[in-house]
Amino acid sequence: MKIINKNRNLKKNAVDTLFSSYFIQFFSKFFSIATQLITARFFLSLNSYGTFLYVFFIFSIVNNLRDLGISTQVIRRKEINYSLINTLFLVLSLIITILQIIYGLYILPNNKMFGSTLILMALSYIPTALGSAPSIYFARNLLIKKTITARVSSIFLYFVFAVILCYYGFDAAGLAIAKFVQSISFMFMIWLPARKIISVKIEFDGTLNLIKDSYKFFINDNLSLITAEIYNYVIKNFVSTASLAIYRAAHSLIDIPLNIIEQAFFKVAYPLFSQLIDEPKKLINGYTFLTILLLCIEAPLYAYMFFNSEFIIYLTYGAKYDEAVNIIKLLSFLPIFTPCTTFGIELIKSLKKDNLMIAYIFIGSFFIILFSFLLTKNFGITGTAIANYLGMNYFIIYYFLYKNYYESFIYIMKRTPIIYIASFGLFFLSHLLKIEFEVIRYIIREIAIFTQKFSYPIAQKISDISHKTDIISHSIIDAGLLVIIFYSFYKFIYLPMKKDLNIRL
């Protein structure tokens, strides 16, 4: 009876976590984009916004170093000493904060904007660290639902403070202050539901063992972050700052489905796999189910982005980012290029195959960084986009699955080409036709005439959209095809898969 209740609670928490994560990721991405567009377009100069991005990059790297890989490693433990984690993170964040403030004061006389932003951003290390222990608890136990208030409220506060402070001329420093407001509000709110669960006391016993057990995750997490961000350095130094802006525009749009969809799945996958470690059949069925399900969602979305990249760029960043159209086309295959690796690394981590995990990240990082330098230098940002496909480490995951879980591997491989062909085929056929809805041109013209009473420049910009009715028409048709594809996958892949794998939701 206890086992039945445990499985029932695990399934319920997994479903709750998935939907809660979706809500959080969607809300986070929406306000992140809104903050970026409003502050960068209307209030900040390129130099101010670039300064903040660089300081935030430093914050991300240093904060990842502070974690020591502990947040990921302890999720698979049966027993976790949250007081020890809290103490260790607090001490490390205090040291980092002091060092960064000292460095900020040192460079302040020569570079006021960079120095002041660096100092203010340093204030976020401590509240971020103190919010980690309860975050780990809720993630490990698939209770992300209890963190919705903290995450959503703090993100919204960041948006409000960022816009207000930038409006009043605080520049990059204003965004750093907004980040501090977000961090400290999250810390207080995340502790409210955790205060009766996690004891708050200073404890150092077991520090060395905790660090020793986590060092492989430390290497993995930091190499992953560096690999993901290497293009910033490479493009700026081998091409130009303008090309970096174009590449980042395309990259940020490709990242939207990833951040909203994949991150929500990841909140479920690793904790769920870790708790199914003693039930190998359920573990591999869960992996197979999530892999195919995610591919059924992402493949149609990225096919849509591939065939409607011009419309997407025009709608978001505008005509001056036209060069990003081809980069979107190149990057749109990346998230679905190797479907087995999406949750493959989570499976390996839960099985405690740490050496395999390290080999995966080392090989991937080495080749992506190498080809990023070589291809960007010779082919510009097109080369940077291509370099993302050349990590070579995905062969490790595929060989591991083939050797250890042959039936599941074949099950995935049989369905993958069907999903690809169905996703890209319909959109390809759609774009062979010349489609243009005259009603769209009429609506645009009428809106422009109405707007002209208030602002002629805005009316002119609206009127210019009439020259894009062909790509708007195709995007509308493709949106309908997207719905058809999703329904087809639901009926002919998802429902049979649930039965095949004995998945009950």
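All values reported here derive from a predicted model rather than from experimental measurement.

Each value, and the rule that gives it
Residues numbered from 1 in each chain as written. Predicted model: local features only at pLDDT ≥ 70, side-chain atom pairs only at ≥ 80, totals over all residues. Heavy atoms only, no water. Helix = DSSP H or I, 4+ residues; strand = E, 2+ residues; numbered from the N terminus. Contact = heavy atoms within 4.5 Å. Expected span 1.5 Å × (residues − 1). Bend = angle between axes of the 7 residues up to and from the residue. Core = buried A, V, L, I, M, F, W, Y, C linked by side-chain atoms within 4.5 Å. Buried < 20%, exposed > 50% of the residue type's maximum accessible area, 1.4 Å probe, protein only. pLDDT = per-residue confidence, 0-100. Salt bridge = Lys/Arg side-chain N within 4 Å of Asp/Glu carboxyl O. Patch = residues over 30% accessible without salt bridge, like charges linked within 9 Å, V, L, I, M, F, W, Y side chains within 5 Å. Areas by Shrake-Rupley, 256 points an atom, 1.4 Å probe, with all protein chains shown as cover. Phe/Tyr/Trp six-rings, centres within 6.5 Å; stacked < 30°, edge-to-face > 60°. Lys NZ or Arg CZ within 6 Å of the ring centre and 35° of its normal. 1 Å grid on protein atoms, 1.4 Å probe; cavity = no way out; pocket = protein on both sides within 12 Å on 5 of 7 lines; lining within 4 Å. Points joined across faces, edges and corners; volume = space filled by probe spheres on them. Nonpolar A, V, L, I, M, F, W, Y, C, P; charged D, E, K, R; others polar.

In this structure, what is going on with the side chain of Ser 408? I would like to understand it.
Relative to the helices and strands, Ser 408 resides in helix H19 (residues 406-430). Those residues in contact with Ser 408 that sit more than four places away from it in its chain are Ile 284 and Thr 288.

Whenever I open this one, helix H22 (residues 469-501) confuses me. Can you help?
Along an α-helix, a turn takes 3.6 residues, which lines up residues three or four apart on a common side. Taking 1.5 Å per residue, 33 residues should reach 48 Å; H22 reaches 46 Å between its end C-alpha atoms and fits that length. The largest bend along H22 measures about 40° and falls at Tyr 490. The first or second residue beyond H22 is Asn 502, which carries a positive phi of 60°.

Please clarify how the nonpolar core should be interpreted in this entry.
Within soluble globular proteins, side chains that are nonpolar tend to cluster in buried spots. One finds Tyr 287, Leu 347 and Leu 401 to be the most contacted residues of the largest nonpolar core, which totals 83 residues. The element best represented in this core is helix H12 (residues 280-307), accounting for 17 residues. Excluding residues within four positions of it along the chain, Leu 401 makes contact with Tyr 287, Cys 340, Leu 347, Tyr 406 and Phe 409. Counting residues in each nonpolar core, the second largest holds 22 residues, with Leu 68, Ile 85, Leu 88 and Ile 190 among its members.

I keep staring at the confidence of the model for the chain and nothing clicks. Help me out?
The predicted coordinates should not be examined in detail at positions where pLDDT is low. This prediction gives the chain a mean pLDDT of 80; 82% of its residues lie at or above 70. In this model, residues 1-6 is a region of pLDDT below 50 whose contacts with residues beyond four sequence positions or in other chains number zero contacts.

Would you mind going over the pattern of salt bridges with me for this structure?
Once the charged atoms of two side chains with opposite charge are near each other, the side chains can pair. Taken as a whole and judged by the stated rule, the model has three salt bridges. Across the pair Glu 279 and Lys 282 runs a salt bridge whose closest N-O atoms are separated by 3.3 Å. Assessed through its relative accessible area of 41%, Lys 282 is described here as partly exposed. Of the charged contacts, one joins Glu 346 and Lys 349 as a salt bridge, the two residues approaching to 3.6 Å between their closest N and O atoms. Taken as a pair, Glu 346 and Lys 349 lie in helix H15 (residues 339-350) at a separation of three residues, close to a single helical turn. In this structure, Glu 346 and Lys 349 share a single accessibility class: buried.

When you look at a nonpolar patch on the surface in this model, what are you seeing that I'm missing?
Taken together, the side chains of Leu 426, Phe 428, Leu 429, Leu 432, Leu 433 and Ile 484 make up a nonpolar region of the molecular surface, amounting to roughly 590 Å² of accessible area. Along the chain, the position of Phe 428 falls in helix H19. For Phe 428, a relative accessible area of 46% translates into the label partly exposed.

It is not clear to me how the packing of aromatic side chains should be interpreted in this structure. Could you clarify?
Both the distance between ring centres and the angle between the ring planes are used here to describe each pair of aromatic rings. If you walk through the whole model with that rule in mind, you get 24 aromatic pairs. Each ring, one from Phe 333 and one from Phe 424, has its centre 5.2 Å from the other, and the planes form 10°; the classification is stacked. With Phe 333 in the loop between helix H14 (324-331) and H15 and Phe 424 in helix H19, this pair connects stretches of sequence that are 91 residues apart. Given a relative accessible area of 14%, Phe 424 falls into the buried group. With a centroid separation of 5.2 Å and 85° between ring planes, the pair formed by Phe 337 and Tyr 389 is classed as edge-to-face. With Phe 337 in the loop between H14 and H15 and Tyr 389 in the loop between helix H17 (381-387) and helix H18 (394-404), this pair connects stretches of sequence that are 52 residues apart. Here the aromatic cluster, defined as three or more aromatic residues joined through ring pairs, consists of Tyr 304, Phe 306, Phe 307, Phe 333, Phe 424 and Phe 427. Lys 329 extends its terminal NZ or CZ atom over the ring of Phe 306, reaching a point 4.7 Å from the ring centre. One cation-aromatic arrangement involves Arg 415 over Tyr 411; the distance from NZ or CZ to the ring centre is 3.5 Å.

Sorry, what's going on with empty space enclosed by the protein here?
Using a probe with the size of a water molecule, rolled over the atoms, empty space left in the structure can be pinpointed. By the definition in use, this model includes one cavity of 30 Å³ or more. Each pocket or cavity is described by its volume, and for the largest cavity that value is around 40 Å³. As for the largest cavity, its lining consists of Thr 291, Leu 294, Leu 295, Glu 298, Pro 335, Ile 336, Pro 339 and Thr 342. Elements with a minimum of two residues in the lining of the largest cavity: H12 and H15. The biggest single contributor to the lining of the largest cavity is H12, with four residues. Here the lining of the largest cavity is built from residues that sort into five nonpolar, two polar and one charged.

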